[in-house]
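Close look at the chain arrangement
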Amino acid sequence: MTWALMMDVSLAIGLLFLAWQALIGGSLLRGIIMFIVFGMVLAVAWAWLGSPDLAMAEAAIGAGVTGALILVAYWRLKRVNAVEPADPSPLRSGVALVVAVLGTGLVAALGLASVAALEGEPVAGQLLNEALPETGIGNPITGVLIIFRSLDTLLEIAVVLAAYVAARAALGKRQVDLPTPSRDAPLMTALVTVIAPLAVLVAIYLLKAGGQIPGGAFQASALLAALGVMLVLAGRLESTLAVSLWVRLALIVGTLVFCLMGLGVMLFGLPLLAIPGTWAVYLIEAAMMVSIAITLVLLFAGSDGLKGVGR
Amino acid sequence: MIDHLLAAAIVFLLANLALGLWRIWRGPTTADRMLSALLFGATSVAVLILMAEWQAIPALRIVALLLVMLAAIITITYAGISRASGSSDQPGGQQR
Amino acid sequence: MNHPQIWMLLAAGLFGLGLYSLLIARHLLRQLIAIKIMGSAVFLILVVSAGLLDGRLDGIAQALVLTGIVIAVAAVAFALALVVALAEQTGAVSLEPEDDDDDR
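Residues numbered from 1 in each chain as written. Chains lettered and ligands numbered in written order. Predicted model: local features only at pLDDT ≥ 70, side-chain atom pairs only at ≥ 80, totals over all residues. Heavy atoms only, no water.

1. Details of unusual backbone geometry
One non-glycine residue with positive phi stands out, namely Leu273 of chain A, at about 65°. Positionally, Leu273 of chain A belongs in the loop between α10 (245-264) and α11 (278-301). The phi torsion at Ala56 of chain B lies on the positive side, around 55°, for a residue other than glycine. By the secondary structure assignment, Ala56 of chain B is in the loop between α2 (30-54) and α3 (60-84). (Helix = DSSP H or I, 4+ residues; strand = E, 2+ residues; numbered from the N terminus.)

2. Regarding the interface of chain A and chain C
Taken together, the contacts link 88 residues of chain A with 74 residues of chain C. Interface area, chain A with chain C, both sides summed: about 7,400 Å², of which 78% is carbon and sulfur. Three residues stand out in chain A for area buried against chain C, namely Leu23, Leu49 and Arg92 of chain A, and they jointly supply 9% of the buried area on that side. Applying the counting rule to chain A against chain C returns 5 residue pairs in polar contact (both at pLDDT 80 or more). Split into classes, the residues belonging to the side of chain A that touches chain C amount to 61 nonpolar, 17 polar and 10 charged. (Contact = heavy atoms within 4.5 Å. Buried area = accessible area lost by both parts, 1.4 Å probe. Polar contact = N/O pair within 3.5 Å; in protein donor to acceptor, adjacent residues only side chain to side chain. Nonpolar A, V, L, I, M, F, W, Y, C, P; charged D, E, K, R; others polar.)

3. Looking at the interface of chain B and chain A
Tallying the contact residues gives 43 residues for chain B and 56 residues for chain A. Taken over both partners, the interface formed by chain B and chain A buries close to 4,400 Å², and the fraction arising from carbon and sulfur atoms is 83%. For the interface between chain B and chain A, the tally reads 0 salt bridges. The interface formed by chain B and chain A contains 1 residue pair in polar contact (both at pLDDT 80 or more). (Salt bridge = Lys/Arg side-chain N within 4 Å of Asp/Glu carboxyl O.)

4. Digging into the environment of Leu245 of chain A
Residues and elements named next belong to chain A. Topologically, Leu245 is positioned in helix α10. Owing to a relative accessible area of 66%, Leu245 belongs among the exposed residues under this scheme. Each C-alpha atom of the pair Leu245 and Ser114 lies 51 Å from the other, and the pair is 131 residues apart in sequence. (Buried < 20%, exposed > 50% of the residue type's maximum accessible area, 1.4 Å probe, protein only.)

5. A few points about the environment of Leu154 of chain A
Along the chain, the position of Leu154 of chain A falls in helix α7 (residues 150-171). Considered as a pair, Leu154 of chain A and Ala19 of chain A are 135 residues apart in the sequence and their alpha carbons are 32 Å apart.

6. Focus: the arrangement of the chains
Taken together, the 2 pairs of chains in contact show their highest number of contacts between chains A and C. In this structure chain B stays clear of chain C, and the shortest span between their C-alpha atoms is 10 Å.

7. Side note on the packing of aromatic side chains
Applying the stated criterion across every chain yields a total of 2 aromatic pairs over all chains. On the basis of an interplanar angle of 25° and a centroid distance of 5.4 Å, the ring pair of Trp48 of chain A and Trp54 of chain B is categorised as stacked. Residue Trp48 of chain A is found in helix α2 (residues 28-49), and its partner Trp54 of chain B is found in helix α2; the two belong to separate chains. The exposure classification of Trp48 of chain A matches that of Trp54 of chain B, with both residues buried. (Phe/Tyr/Trp six-rings, centres within 6.5 Å; stacked < 30°, edge-to-face > 60°.)

8. Some points on the nonpolar core
A general tendency of soluble globular proteins is for nonpolar side chains to be buried together. The biggest cluster of nonpolar side chains holds 175 residues, and the ones touching the most others in it are Ile32, Trp46 and Phe300 of chain A, Met51 of chain B together with Trp7 and Ile37 of chain C. Ranked by residues supplied to this core, first place goes to α2 of chain A with 19 residues. Looking at this core, you find at least three residues from each of domain 1 (1-85) and domain 2 (141-311) of chain A. (Core = buried A, V, L, I, M, F, W, Y, C linked by side-chain atoms within 4.5 Å. Domains from an automatic or database assignment.)

9. Some points on the packing of helix α4 (residues 90-116) of chain A against helix α1 (residues 4-24) of chain C
Where α4 of chain A contacts α1 of chain C, the axes come no closer than 8 Å and their chain directions differ by 155°. Here α1 of chain C runs roughly antiparallel to α4 of chain A, going by the angle between their axes. Helix-helix and strand crossings are classified by hand; for α4 of chain A and α1 of chain C the assignment is right-handed. In terms of residue class, the contact of α4 of chain A with α1 of chain C is made up of 17 nonpolar, 8 polar and 1 charged. (Axes fitted to C-alpha atoms, helices over the stretch in contact; angles between N-to-C directions. Parallel < 35°, antiparallel > 145°, perpendicular 65-115°, else oblique. Left-handed = near helix turned anticlockwise from the far one by under 90°.)

10. Quick look at the packing of helix α1 (residues 3-23) of chain A against helix α1 (residues 2-26) of chain B
Between α1 of chain A and α1 of chain B, the least distance of the axes is 11 Å, while the angle of their chain directions is 10°. With respect to α1 of chain B, the axis of α1 of chain A lies roughly parallel. Both α1 of chain A and α1 of chain B take part in a crossing whose hand is left-handed. Across the interface between the two elements, Trp3, Met6, Met7, Ser10, Phe17, Leu18 and Gln21 of chain A of α1 of chain A pack against His4, Ala7, Ala8, Ile10, Val11, Leu14, Leu21 and Trp25 of chain B of α1 of chain B. In terms of residue class, the contact of α1 of chain A with α1 of chain B is made up of 12 nonpolar, 3 polar and no charged.

11. Remarks on α2 of chain A
Residue and element names in this part refer to chain A. Compared with the 32 Å implied by 1.5 Å per residue over 22 residues, the 31 Å span of α2 between its first and last C-alpha is a close match. Among the 22 residues in α2, 22 count as buried, and that is most of the element. Gly50 sits one or two positions beyond α2 and adopts a positive phi of about 95°. (Expected span 1.5 Å × (residues − 1).)

Read these as spatial facts, not as claims about activity.
Structural data, given as C-alpha cells:
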C-alpha cells in the first residue's frame, strides 16, 4: 500500500464519516459543526487532488461563510422557539434506505464508467492550455472565469445579487435578529485589531496573485465576507435599515463594471464581453470581490445596510 | 527518503485530526468543540504545508495562509453565536 | 489523484448519504445540509471525471466547480431566509403536514 493510496483512502473514509455525522442522528447543532468540519476536510481533499483554487474556495465559502450562515439561522430558529419536527416513521426510513441505496449504486456505476471511459487527455483542457499564454493570465481558472467563459461569470454574480434581493424580499422590510455583539469580551479588541488589517491584506494579495497563481476574486471576497461577519459579531459593524448610497453601490459594482466593460469594448470594434487586457481582468475581479463580500455580509446580517460603530 | 518522511508525517497529522474529531463528537461542552475546531484549523495548515513540499505544489502554502486567517475568524464567529444561544454552554447541554 | 475510482466511490457514498438524509430528515436545516453534501458529491464527480492533463486537473472543470461553489452559497443564503421566514410566521421548521406528528 503506497502513501498516495493511503492518503486517498483515509481522506475518503474521513469525509464519509463526517458526512454521516453531519446528517444522521445527534443534535442539529452538532450536525452543523460536523458539516463545517466536513467542509474543511473537503478543502484538504481538493488540495490533495491538486486544486489549490478549489481548496481555498471550499474552505472560505463552503465551510466558513456557509457555516456562519447556517449557524446564525439556527440561532434565529431557536429565538422563535420553532416546533421541532418528530422522528420519521420506520416505513418511511425503509423506503428512503432503498431509494438511497439505488441512488448510490447509480452514481457509483456512472462515475466508475466515466473513469473507465477516460482516454487520452481532455481536449477542452488542452485547448485552454494552448490559448492561455496569449492572454497574459497565468492562472487557467481565472482565465476561464473572466476571459473564456465571461458570460457564465457575469450571470454568476447576477445570481448572487438576485439571491440577496430574494432573501430580503422573503424576510420583509425589517431588521432580522442578530446575536448580541460581544463587544467587551476579553481579547476581542486585540484580536480584531490584529486580524482585520491582516485579512484585508491577504484578500488583496489573493486578488492580485490570482492572475498568475491560484487565488482570485471569489476566494478574496469570501475572506472579506468572513471578516465582515466577525466584525458584525464583535460589535464593530452594526446592521441598519437605513439605505446608504455606498452600500447599494458596493452591492452592484461587480455586475455594473462587468456589464459596462462588456458593452464598452463594442465601441472599439471588439465583440461583446471581450476582455481588452489584463488590467480589465483585475478591474473586473476587484469589483466582483467588493460586491460578493458585501452581499454575503448583508445576507448574514439580514439587513439593508451596515454602519461602523464608533469606539 | 524525505518523501517517505513527509508522507508519514501527513498521515500522522491526519490521525491527529481523527482524535480531534472524536472530541468534537464527544463534546460535551461548547468549549471542547471550539478547541478541537481550532486544533482542526492548525493541523490542516500543517498538512497543507507538508503537502506543498511533498507534491511540489507551492500554491498550497497560500491555501494554508487562507486557512490561518479563517480559523481565527470562524472561532470568534462560533464563540459569538454559541455564547448568544446560551444553553449550549452547559456541560452536556446538547440541543435537539 | 492516483486512484480516481476511490474518489468516484466516495462521491457515490456522499450522494447516497445525502439522499437518505434528505428523505428522512424533517428539520429543514438538516435537509439543507443534505443537499449541500449531495452538491459536494456532484462537484467531486465533475472534477474527477474530467481527467488529468499533464498530471494536473482540468482547468475548465475546476472553473465550473468554482462557479458552482459560489452559486451554492447564494442558494443556501436564500433558502435560509425562506426557512427563517417560515419559522417566524408559522412556528414550524418542517414542510411536513402537522397531523403527521400525532403518530409518534
